[in-house]
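Structure at a glance
Single-letter residue listing:
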Amino acid sequence: MSNLPLPVLFYGVALLLPALPRPLRAWACLVPPAVALAVLVAWEPGQVLLWRFLTLTLVVQRVDGLSLAFGYVFALFGLLAGLYALHLRDTPQQVASLVYVGSALGAVLAGDLFTLLVFWEAMALASTYLIWARGTPSARRAGMRYLFVHLAGGSLLMAGAVLHWHATGSLYFGPLEGGIGAWCILLAFAINAAIPPLHAWLPDSYPQGTVTGSVFLSAFTTKAAVYALARGFAGWEVLIWVGAVMAVYGVLFTIVENDIRGILSYHIVSQVGYMVASVGVGGPSGVNGATAHAVANILFKGLLFMATGAVVYATGASRLTQVGGLLRPLPWVLALYMVGACSISGVPLFSGFISKSLVIHAVEKARYDAAALMLYLAAVGTFLSIGLKLPWLAWWRPAPGPVEVRPVPPNMYVGMVLASVINIVVGIYPQALYGVLPFAVDYQPYTLPHLVETVQVLGFTAVGFGLVRGLLKATPTITLDTDWFYRRPGRVLFDLIVDGVNGLFGGVERVTLRGVGALVQASRNPIGTLVRAAEVLRPRGRLAQGASNPSEPSAYDPDRYRLPIGVLGLLLLALFVAVMVWLWWMG
C-alpha cells in the first residue's frame, strides 16, 4: 500500500486538469477511477495506512470487506460516469467530479472520524458545484440550500466526533454505542442518507444539477452515508422502522412529482430505505443486504439518471408535462432505461432482484414482518412508477406539443450500454455481487417459490396499470415536502435576520459617521466650539429673537478663541512638575 491515500490520485489529476489540452481533459478524468479500481482489486483485507497529525494517530486508510465492496463500486461507477461525460468541455465541472469521486472513496476507506470528516466535507463542497454548474437561478438556489444542509450535517459530525473522543479517548471509526456523541454522528449520517424528515435536500437539488452532474450525484453521497451507517450503527433496531418508512415515503411522493429526475430522486429515498432497514437488522445478513443493495443501486440508479439525462440533453425539457412521443427519436434510450427500470423494480435476471431479495430476506429472518410488508409494498410502487408510468408518459404517450430532439452523443450511449450489461450480468450471475460482500452469503434468490411470488406481484401490477393507463396524465405540480418548513418562512427569516441586522448596522454606521464628522469640525477649534456651546446655552437677555450678537464677527476668525501660548506652556510645565513629583514619590 502506498504512503499516500487513494484520493490523492484524484486530487492530483484535478489540479493538473486545467493545464492539459482541452481535448485530453475528459479522457484524463477516466484515469483516476480506472487506476483506483485496479489498486482496490490488488489490495488484501487487513491493510491500514497510519498518519501522525499533531498528537493524533490517524487511520487514513483501512481495507476490509466492507470498505472494499463500496470502494469497488465507487471506482467502477466513477469510470462509467466519466465515459458518459466524455463529451463535456466544462473544466470546473470535470474538476468537481474528480474531487467528488475521490472524496467518496476517501470516506469509505477512512478508519477514524477525523479523516472521515475531512472527506465528508470535501464531498459536500465538490457536489455542490455540480448543481451550480447548470447556471440557472433555480440551480443556484437549490445548490445553496444543498450546501447549507450538508454543512450543518458536517457540523454535527464534527461535534459528535469531539464528544466521542472526549468520552472514549479514541477517534477510531467502528461500531458506536449510545451517548450524545453517537447520536450526533447518527444524525449527521441521517442527513446524508436522506432519512425523512431530513431528506428534502435530495429531490430539491438533484433534478437541478447538470445532465452529467446528476449522474454523479445519484451514486455517492447517500451510499457513502449507508456505508457509514453500516460501519457505526449496524444492529440499531430503530433503523429497521426508519428504513421501512423511507421505502414507502419515497414511493408515495413519486405519484405527484412532475420532474423526471425528481421522480428518480424520490426513488433514491425509497431505495436507501431498504439499505437502512437492513443496517438496522445488523449481523452478517443485515450488513450484506445493505451493501448488496447499495452496490446494485449505484449501478441501476446511475443508469436511470443516465437515460433520463439523455432525454433532458436531447429535448431540453425535464418535466413530464413537456415531453412525450420519444419512442421514435430515442428508442435506444428507452431500451437502456428499461434495463435500469427492471433492475430497480426487482424483475428476475436483473441486479435489483438479487439485492432487494437479500434485504427482504434479512428483515424476514429477523422476524420484522410488518417492516417486510412495507418493503414489499414499496417494491410494487417502484415498478408502477419507474417501470410503467414514467416510460409510458415520456416515450409512448403523444407529445403535448412540438418537441425538438437533438442527437445524443455516442459516449453517453457507451456509458449506458456498459451499465446495462453490468446490471444484467449481476442479475444472471448473483455470485458476481455476492462474492464481494463483507460476509459469506448462504442465500439463494432463484428459488421457484420466490420466482413465482415475484412474477405474480409484478404481473398483477402491470395488469392494473394497463387498465388505468388511459387515465394517466402528467400535471404541472409543485411538490410540497418537508423543505416547506425552511423554504416558506425563509423570506421572513431573511428579512428578520439579514435585512433587519443590515438595517440596524446601516443606521449605526450613519449615526457614527455623522458624529465623527461633527467631531472633526469641532476639533479644528475646540476652544471656540466650547465657547459657542456655552453661548448657545446662556440666556439671550434682551436681544430680539433672530437678532445677531453684535460682538460676533461676520467672518470666521481663527484667532478669536485661540488661547495665548503661555497657557499651553503653563499646562506643560504643570504636567512636567507632576511627573517629577510622582517619580520622586515612587522612588
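Remember, predicted model here, so these are calculated numbers, not experimental data.

1. Digging into the layout of surface pockets
What the largest pocket holds in volume is close to 520 Å³. Taken together, 23 residues form the lining of the largest pocket, with Asp 204, Ile 478, Thr 479, Asp 483 and Arg 487 sitting closest to its centre. Only α7 (137-168), α9 (201-205), α13 (260-281) and α21 (484-487) provide two or more residues apiece to the lining of the largest pocket. With four residues, the single largest contributor to the lining of the largest pocket is α7.

2. Considerations on the nonpolar core
Grouped together as the largest cluster of nonpolar side chains are 145 residues, with contacts concentrated most on Phe 74, Phe 189, Phe 233 and Trp 395. With 19 residues, the top contributor of residues to this core is helix α14 (residues 283-315). Setting aside chain neighbours within four positions, we find Phe 233 in contact with Leu 176, Ala 182, Ile 185, Leu 186, Phe 189, Ala 228, Leu 239 and Val 279.

3. Considerations on the packing of α13 against helix α16 (residues 351-365)
For the pair α13 and α16, interaxial distance at closest approach is 9 Å and the crossing angle is 40°. Classified by the interaxial angle, the pair formed by α13 and α16 is oblique. In this structure, α13 meets α16 at a crossing whose hand is left-handed. Of α16, the residues touching α13 (which contributes Gln 271, Tyr 274, Ser 278 and Val 281) are Lys 356, Val 359, Ile 360, Ala 362 and Val 363. Within the contact of α13 with α16, the residues separate by chemical class into six nonpolar, two polar and one charged.

4. Quick word on the pairing of strand β1 (residues 48-53)
For β1 and strand β2 (residues 56-62), the ladder comprises six bridges, and the chain directions are antiparallel. Directly across from Arg 52, in β2, lies its bridge partner Thr 57.

Cut-off values and rules
- Residues numbered from 1 in each chain as written.
- Predicted model: local features only at pLDDT ≥ 70, side-chain atom pairs only at ≥ 80, totals over all residues.
- Heavy atoms only, no water.
- 1 Å grid on protein atoms, 1.4 Å probe; cavity = no way out; pocket = protein on both sides within 12 Å on 5 of 7 lines; lining within 4 Å.
- Points joined across faces, edges and corners; volume = space filled by probe spheres on them.
- Helix = DSSP H or I, 4+ residues; strand = E, 2+ residues; numbered from the N terminus.
- Core = buried A, V, L, I, M, F, W, Y, C linked by side-chain atoms within 4.5 Å.
- Buried < 20%, exposed > 50% of the residue type's maximum accessible area, 1.4 Å probe, protein only.
- Contact = heavy atoms within 4.5 Å.
- Axes fitted to C-alpha atoms, helices over the stretch in contact; angles between N-to-C directions.
- Parallel < 35°, antiparallel > 145°, perpendicular 65-115°, else oblique.
- Left-handed = near helix turned anticlockwise from the far one by under 90°.
- Nonpolar A, V, L, I, M, F, W, Y, C, P; charged D, E, K, R; others polar.
- Pairing = 2+ DSSP bridges.

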